[in-house]
Amino acid sequence: DVKVTQSSRYLVKRTGEKVFLECVQDMDHENMFWYRQDPGLGLRLIYFSYDVKMKEKGDIPEGYSVSREKKERFSLILESASTNQTSMYLCASSLWGKSYTFGSGTRLTVV
Amino acid sequence: ELKVEQNPLFLSMQEGKNYTIYCNYSTTSDRLYWYRQDPGKSLESLFVLLSNGAVKQEGRLMASLDTKARLSTLHITAAVHDLSATYFCAVDRPRNQFYFGTGTSLTVIP
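Residues numbered from 1 in each chain as written. Chains lettered and ligands numbered in written order. Predicted model: local features only at pLDDT ≥ 70, side-chain atom pairs only at ≥ 80, totals over all residues. Heavy atoms only, no water.

Undergrad: Would you explain the sheet that holds strand S3 (residues 19-25) of chain B in this entry?
TA: Sheet strands line up and pair through hydrogen bonds in the backbone, either parallel or antiparallel. Residue and element names in this part refer to chain B. Taken in spatial order, the 5 strands make up an open sheet running S1-S3-S8-S7-S6, and their pairing is antiparallel. Strand pairing shows two members of the sheet lacking a second neighbour, strand S1 (4-7) and strand S6 (55-58), which therefore form its edges. Taken over all neighbouring pairs, the strand axes of this sheet differ in orientation by 15° on average, direction set aside. Here S6 runs beside strand S7 (residues 61-66); their pairing, made up of 4 bridges, is antiparallel. Along S7, the bridge assignment pairs Glu58 with Leu61. (Pairing = 2+ DSSP bridges. Helix = DSSP H or I, 4+ residues; strand = E, 2+ residues; numbered from the N terminus. Axes fitted to C-alpha atoms, helices over the stretch in contact; angles between N-to-C directions.)

Undergrad: It is not clear to me how the sheet that holds strand S7 (residues 64-70) of chain A should be interpreted in this structure. Could you clarify?
TA: Residue and element names in this part refer to chain A. Across the sheet, which stays open at both edges, the 4 strands sit in the order S1-S3-S8-S7 with antiparallel pairing between neighbours. Both edges of this open sheet fall to strand S1 (4-6) and S7, since each of them pairs with a single strand only. Averaged over all pairs of adjacent strands, the angle between their axes in this sheet comes to 20°, without regard to strand direction. With 5 bridges connecting them, S7 and strand S8 (residues 73-78) associate as antiparallel partners.

Undergrad: Looking at this structure, how should I read the interface of chain A and chain B?
TA: Frequently, the measure chosen for interface size is the accessible area that the parts lose on association. Listed per partner, the contact involves 26 residues of chain A and 20 residues of chain B. Summed over both partners, the interface of chain A with chain B comes to about 1,700 Å²; 48% of that surface belongs to carbon and sulfur atoms. Applying the counting rule to chain A against chain B returns 2 salt bridges. For the interface between chain A and chain B, the tally reads 16 residue pairs in polar contact (both at pLDDT 80 or more). (Contact = heavy atoms within 4.5 Å. Buried area = accessible area lost by both parts, 1.4 Å probe. Salt bridge = Lys/Arg side-chain N within 4 Å of Asp/Glu carboxyl O. Polar contact = N/O pair within 3.5 Å; in protein donor to acceptor, adjacent residues only side chain to side chain.)

Undergrad: Please explain unusual backbone geometry as it appears in this structure.
TA: Glycine aside, a negative phi is what most residues show, and trans is what most peptide bonds show. The omega torsion across Asn7 of chain B and Pro8 of chain B is 0°, close enough to zero to call that bond cis. As for its position among the elements, Pro8 of chain B is in the loop between S1 and strand S2 (10-14). Of note, the phi angle at Asp28 of chain A is positive, near 60°, even though the residue is not glycine. Along the chain, Asp28 of chain A turns up in the loop between strand S3 (19-25) and strand S4 (31-38). The phi dihedral of Arg95 of chain B is positive, around 65°, even though this residue is not glycine.

Undergrad: Would you take a moment to explain the environment of Met88 of chain A for this structure?
TA: Residue and element names in this part refer to chain A. Relative to the assigned elements, Met88 resides in strand S9 (residues 87-94). Here Met88 falls in the buried class, since its relative accessible area comes to 5%. C-alpha of Met88 to C-alpha of Tyr10: the two residues are 78 residues apart in sequence and 9.1 Å apart in space. Among all residues touching Met88, those that are not within four sequence positions of it are Arg9, Tyr35, Arg36, Gln37, Gly105, Thr106 and Arg107. (Buried < 20%, exposed > 50% of the residue type's maximum accessible area, 1.4 Å probe, protein only.)

Undergrad: Mind showing me how you'd approach the layout of surface pockets here?
TA: Picture a little ball the size of a water molecule; that probe, rolled over the atoms, points out where space is still empty. Within this model, the largest pocket holds a volume of roughly 530 Å³. At the level of elements, S4 and S9 of chain A together with strand S9 (85-92) and strand S11 (104-109) of chain B are the ones that each hand at least two residues to the lining of the largest pocket. The element that contributes the greatest number of residues to the lining of the largest pocket is S11 of chain B, accounting for 4 residues. Within the lining of the largest pocket, the residues separate by chemical class into 8 nonpolar, 14 polar and 4 charged. (1 Å grid on protein atoms, 1.4 Å probe; cavity = no way out; pocket = protein on both sides within 12 Å on 5 of 7 lines; lining within 4 Å. Points joined across faces, edges and corners; volume = space filled by probe spheres on them. Nonpolar A, V, L, I, M, F, W, Y, C, P; charged D, E, K, R; others polar.)

Next comes the structure, spelled out in structure tokens:
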């Protein structure tokens, strides 16, 4: 069964901390994505990657960065966490033109 | 600016009834996806609609796509409690970036 694994289900971090959210997929997908999900706003694309060491900004990249050193792993980095980054973060992967497979999500609370 | 609008945002319906969720989008796209999300869980792919006139059915759910009207529908037939969830449509932008609607929260009551 195909899988996208997010390392943490719940995280609580302090304002100003550097936060790493990890995502690993075992399907050899080229494409990987990070979304955040907030009530009333749906899912919004933060960053995406089509290949190793390649990244592109999505719709709301401010305050975030990403890293893709290996094909199967895509990390989201909050350089200096703020309370407005409290959210559910969803990682997804796909082959070109195919539906996404989502991870189970990381609920991040910044206090 | 691309917009993907779902309505209704909240839907409470009785078991056994029929209803339709609408997904309107503002850009040209031949691909549209429907996902289901259970409370506290991630998104699960339901349907992939790849061309104008596409219709897909799974159990009590049927999805259709009209690319000329920029409209997709998710029709629920004879609702049961197990269908209670949030349903999202997503439009495929260039380069496989999906743009999601805000979701429709469906509650099926006895």
